[in-house]
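Spelled out from the first residue to the last, the chains are:
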Amino acid sequence: GTQSHLQALLSLYKLFCPEQVTITLSGKTKTFFKNSEGPWKAAITAVRQRNRGISPLSQAMFLGTSKPQSRKRKWNAQLVIPASSTNINNLEQVRRKNPVCLYNANVPFPVEQLKTFPQLLKNIHRLEFPSQMGSVLTNPLLLHYMNCVKDESIYLRLYYWMGQMLQEECTWCVVDNPNEEEFKSFLESIYKAECFLQEGFSACEEFLYKTLPFWDGFCCRPEVLSLVSWIPLSNLSNMNSYLYDTLAQLFFTSSIYFKCSVLESLKQLLQNWLNCSVIQVDLAFSS
């Protein structure tokens, strides 16, 4: 279509892989994607302006380190089930015309009306996940459904949403982030969901590998170490470089309490791996 962001994405594809885009695109140029060289250009400009005697406040503006405007994000909105992606008005019309039609397997069941486990069992084949995947984390019924369906698209949706949220709200990577308590609560919700599903999220694994080198070992310590205990069993060489080496630097320079906390987390990680291995062996033996 002619949607501007779709046109910009196709233009980007045509720039790097012209053989993949055969349609004619508009010649108008408009910036839709951030330039990766922006911070470097801003730093160079700040140095030039500093040599000319510009004020420190302007330097901070150039470098992007000035205090950002407060974000009015409502955290709880991400973890509360919104209206289903199905058109609710259409469902109301169907209910008025023929209430029996709502029990038809072809009519989706509104996810916000899911309250009990018997409801889940009765309507499991006509449920659909909400538009905000974050609400799945705090809903045991949807976690049950997620565990039963094993739909790859569901995990991908949760992966992209969770990765974006962790990256944007990490309190030790985002400058002047005032939402530390909300971020702690978010990490706790992820950990509880992992315990419920008995498996770790790949988005959390990537988040830990990327941010632990910048972690001070103090901010959100219980929550971070809890997430470490659910890292999926993967390549040990990656874990040595991205996890163990980073934790070792903090381990040898921190208090006894921190050392015990790290050892407890790694012990729990080993237990989770052993449990997963036993389950896989049992399934292979039974098959």
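Parameters and conventions
- Residues numbered from 1 in each chain as written.
- Predicted model: local features only at pLDDT ≥ 70, side-chain atom pairs only at ≥ 80, totals over all residues.
- Heavy atoms only, no water.
- UniProt positions renumbered as here; feature names shortened; annotations may be inferred.
- Helix = DSSP H or I, 4+ residues; strand = E, 2+ residues; numbered from the N terminus.
- Buried < 20%, exposed > 50% of the residue type's maximum accessible area, 1.4 Å probe, protein only.
- Contact = heavy atoms within 4.5 Å.
- Areas by Shrake-Rupley, 256 points an atom, 1.4 Å probe, with all protein chains shown as cover.
- Salt bridge = Lys/Arg side-chain N within 4 Å of Asp/Glu carboxyl O.
- Core = buried A, V, L, I, M, F, W, Y, C linked by side-chain atoms within 4.5 Å.
- Phe/Tyr/Trp six-rings, centres within 6.5 Å; stacked < 30°, edge-to-face > 60°.
- Lys NZ or Arg CZ within 6 Å of the ring centre and 35° of its normal.
- Lys, Arg positive; Asp, Glu negative; His and termini not counted.
- Polar contact = N/O pair within 3.5 Å; in protein donor to acceptor, adjacent residues only side chain to side chain.
- Axes fitted to C-alpha atoms, helices over the stretch in contact; angles between N-to-C directions.
- Parallel < 35°, antiparallel > 145°, perpendicular 65-115°, else oblique.
- Left-handed = near helix turned anticlockwise from the far one by under 90°.
- Nonpolar A, V, L, I, M, F, W, Y, C, P; charged D, E, K, R; others polar.

An unreviewed UniProt entry annotates the protein chain as CENPI protein originating from Sylvia borin. You can read under Sequence similarities (unreviewed entry) in the UniProt record for the protein chain the words "Belongs to the CENP-I/CTF3 family."

Q: Give a description of the overall build of the protein chain that names residues and reports values.
A: Tallying secondary structure elements over the protein chain gives 13 helices and zero strands in all. Listed by position from the N terminus, the elements making up the protein chain come as α-α-α-α-α-α-α-α-α-α-α-α-α. Relative to its full complement of 287 residues, the protein chain shows a buried share of 32%. Partitioning the intrachain contacts of the protein chain with sequence separation of at least 6 by distance along the chain shows that 62% fall at a separation of at least 24. Approximately 18800 Å² of the protein chain is accessible, and the part contributed by carbon and sulfur atoms is 58%.

Q: Please set out the pattern of salt bridges residue by residue, giving values where relevant.
A: Per the stated rule, a full pass over the model turns up two salt bridges. With a closest N to O distance of 3.6 Å, E264 and K267 form a salt bridge. Of the two residues, E264 and K267 both sit in helix α13 (residues 256-286), three residues apart, roughly one turn of that helix. Classification of E264 as partly exposed rests on a relative accessible area of 42%.

Q: Just give me the short version of the nonpolar core, but keep the residues and values in it.
A: Ranked by internal contacts, the top residues of the largest apolar core, which has 53 residues, are M162, F201 and W215. Other than its neighbours up to four places away in sequence, W215 contacts W172, R221, V224, L225, L247, L250 and F258.

Q: Which residues make up the environment of K115, and what values do they have?
A: Relative to the assigned elements, K115 resides in the loop between α5 (88-97) and α6 (117-123). For the pair formed by K115 and L141, sequence separation is 26 residues and the distance between their alpha carbons is 7.9 Å.

Q: Could you give me a rundown of unusual backbone geometry, with the residues and numbers involved?
A: Backbone geometry at Q198 places phi at a positive 60°, although glycine is not the residue there. The residue C220 is not glycine, and still its phi comes out positive at about 55°. Turning to its location among the elements, C220 is positioned in the loop between α10 (202-211) and α11 (221-228).

Q: Please give an account of the packing of aromatic side chains that cites residues and values.
A: Taken as a whole, this structure holds 10 aromatic pairs when the rule is applied. An angle of 45° between the planes, with centres 6.0 Å apart, marks the rings of W172 and F207 as tilted. With W172 in the loop between α8 (152-169) and α9 (180-197) and F207 in helix α10, this residue pair connects regions lying 35 residues apart in the sequence. Taken individually, W172 and F207 each receive the classification buried, so the pair is uniform in this respect. Every member of this aromatic cluster is reached through a ring pair, and the members are W172, F183, F207, W215 and F258. Lying over the aromatic face of F251, K259 brings its terminal NZ or CZ to 5.5 Å of the ring centre.

Q: Lay out the environment of F258 in plain terms, naming residues and giving numbers.
A: The residue F258 is located in helix α13 in this model. The buried category is assigned to F258, whose relative accessible area is 1%. Considering only alpha carbons, one finds F258 and P222, 36 residues apart in sequence, at a separation of 9.8 Å. Excluding residues that lie within four positions of it along the chain, F258 makes contacts with W215, G217, R221, L250 and F251.

Q: Can you break down the side chain of K259 residue by residue, with the values?
A: Inspection of the secondary structure puts K259 in helix α13. Buried and unpaired, K259 has D216 as its nearest opposite-charge partner, separated by 15 Å. Within the structure, K259 has its side chain in polar contact with the backbone oxygen of F251 (distance 2.9 Å). Within polar-contact distance, the side chain of K259 engages the backbone oxygen of S254 at 2.6 Å. With residues near it in sequence (within four places) discarded, K259 still touches F251, F252 and S254.

Q: Any chance you could break down the packing of α8 against α9 for me, citing the residues and the numbers?
A: Viewed as axis vectors pointing N to C, α8 and α9 meet at an angle of 150°, and their least axial separation amounts to 11 Å. In terms of their interaxial angle, α8 and α9 are classed as roughly antiparallel. The crossing of α8 and α9 is left-handed. Listed contacts from α9 to W161, M162, M165, L166 and E169 of α8 are F183, F186, L187 and I190. Classifying every residue of the contact of α8 with α9 gives eight nonpolar, no polar and one charged.

Q: So what's going on with α10? Which residues, and what values?
A: When you tally the buried positions in α10, you get seven out of 10 residues, the bulk of the element. Listing the buried residues of α10 in full gives A203, C204, E205, F207, L208, Y209 and T211. In the core, the buried residues of α10 are packed alongside α8, α9, α11 and α12 (236-251).

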